[in-house]
Amino acid sequence: MLELRNATHGDENDFRALWGQYLTYYKVDLAPEVTNATWARLMDPASPVKARLAVVEDRVMGFAVHLHHPSTWVATEDCYLEDLFVAPEARGHGLGRALIDDLIALARAKGWSRLYWHTNEDNTRARALYDSYVASDGHIRYRMKL
């Protein structure tokens, strides 16, 4: 049985375990302070950064970290899906799709105008899922570290 819900304080250890797998997949080594700050944001009611969890048989098996923000292109807010991850042993069972569908429903309920995300060009498995929702809009991301 799949449950989709917001992350709570009691999910910290499970989230951190999945977060570690996610960072390993992307070959990223974040300082512990960054992960601590991320968790604090997720738990702060005033923060727009939130996480929806996919829970199967009381085990957290995936997450969708997202945030909403004003936009200059629409009158309402946009929702950015920043991080989507499903545990390797749970892949192929529709959890990624369920998390995206859940976020679409949440965004519609909140009156947000758009949902957007990006992924690595060579992330073919994720891109197959994403392409089933919408074609790439052709934008290329630029990121400058400051």
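Above this text is the structure in question.
No experiment lies behind these values; they were computed from the predicted model shown.

> Even after reading the chapter, I still don't get the overall build of the protein, so can you show me in this structure?
The helix and strand tally for the protein stands at four helices and five strands. The order of α-helices and β-strands along the protein, N terminus first, is β-α-α-β-β-β-α-β-α. Rg of the C-alpha trace for the protein: 15 Å, near the compact-globule value of 15 Å for 146 residues, within the 12% margin. Along the longest, intermediate and shortest principal axes, the C-alpha atoms of the protein span 40 × 35 × 35 Å. For the protein, the proportion of its 146 residues judged to be buried stands at 36%. Considering only residue pairs separated by 6 or more positions, the protein has 58% of its internal contacts joining residues 24 or more positions apart.

> Sorry, what's going on with the side chain of N123 here?
Following the sequence through the fold, N123 ends up in the loop between β5 (114-116) and α4 (124-131). Beyond its immediate stretch of four places on either side in the chain, N123 contacts Y25 and Y26.

> Would you mind going over the environment of P70 with me for this structure?
With respect to the element layout, P70 can be found in strand β3 (residues 59-70). Take P70: its relative accessible area is 62%, and that puts it in the exposed class. Placed 42 residues apart in sequence, P70 and W112 show a C-alpha to C-alpha distance of 9.3 Å.

> Looking at this model, I keep getting lost on the packing of aromatic side chains. Mind explaining?
Think of a pair of aromatic rings as described by two things: how far the centres are apart, and how the planes are tilted against each other in angle. Under the counting rule described, the total for this entry stands at 12 aromatic pairs. Taking 5.9 Å as the distance between ring centres and 35 degrees as the angle between the ring planes, the aromatic pair formed by F63 and F85 counts as tilted. Here the residue F63 occupies a position in strand β3, and F85 occupies one in strand β4 (residues 77-86), the gap between them amounting to 22 residues. Neither residue differs from the other here; F63 and F85 are each classed as buried. Connected via pairs of aromatic rings, a cluster forms that spans F15, W19, Y22, Y25, Y26, W39, F63 and F85.

> What am I meant to see in a nonpolar patch on the surface here?
Taken together, the side chains of V28, L30 and V34 present a nonpolar region at the surface, about 190 Å² in accessible area. Here V34 lies in helix α2 (residues 32-43).

> Help me understand helix α1 (residues 12-25), please; the structure alone is not making it clear to me.
Residues spaced three or four apart along an α-helix face the same direction, because each turn holds 3.6 residues. Taking 1.5 Å per residue, 14 residues should reach 20 Å; α1 reaches 20 Å between its end C-alpha atoms and fits that length. Looking one or two residues past α1, K27 carries a phi angle of roughly 55 degrees, positive in sign.

> What exactly am I supposed to notice about the pattern of salt bridges here?
Note that side chains of opposite charge can pair when their charged atoms are close. The tally for this structure, following the rule as stated, stands at six salt bridges. The partner of R5 in a salt bridge is E3, with the nearest N and O atoms 3.7 Å apart. Residue R114 pairs with D78 through a salt bridge whose shortest N-O separation is 2.6 Å. Here R114 is found in strand β5, whereas its partner D78 is found in strand β4, with 36 residues between them in sequence. Bridged by salt links that share partners, the residues E3, R5 and D11 form one connected network.

> How do you make sense of the environment of V74 when you look at a structure like this?
Mapped onto the secondary structure, V74 falls in the loop between β3 and β4. Assessed through its relative accessible area of 22%, V74 is described here as partly exposed. Apart from residues lying up to four places away in sequence, V74 is in contact with S113 and R114.

Calculation criteria
- Residues numbered from 1 in each chain as written.
- Predicted model: local features only at pLDDT ≥ 70, side-chain atom pairs only at ≥ 80, totals over all residues.
- Heavy atoms only, no water.
- Helix = DSSP H or I, 4+ residues; strand = E, 2+ residues; numbered from the N terminus.
- Rg over C-alpha atoms; globule rule 2.2 N^0.38 Å.
- Buried < 20%, exposed > 50% of the residue type's maximum accessible area, 1.4 Å probe, protein only.
- Contact = heavy atoms within 4.5 Å.
- Phe/Tyr/Trp six-rings, centres within 6.5 Å; stacked < 30°, edge-to-face > 60°.
- Patch = residues over 30% accessible without salt bridge, like charges linked within 9 Å, V, L, I, M, F, W, Y side chains within 5 Å.
- Areas by Shrake-Rupley, 256 points an atom, 1.4 Å probe, with all protein chains shown as cover.
- Salt bridge = Lys/Arg side-chain N within 4 Å of Asp/Glu carboxyl O.
- Expected span 1.5 Å × (residues − 1).

Scope: geometric values only; no functional claims are made or implied.
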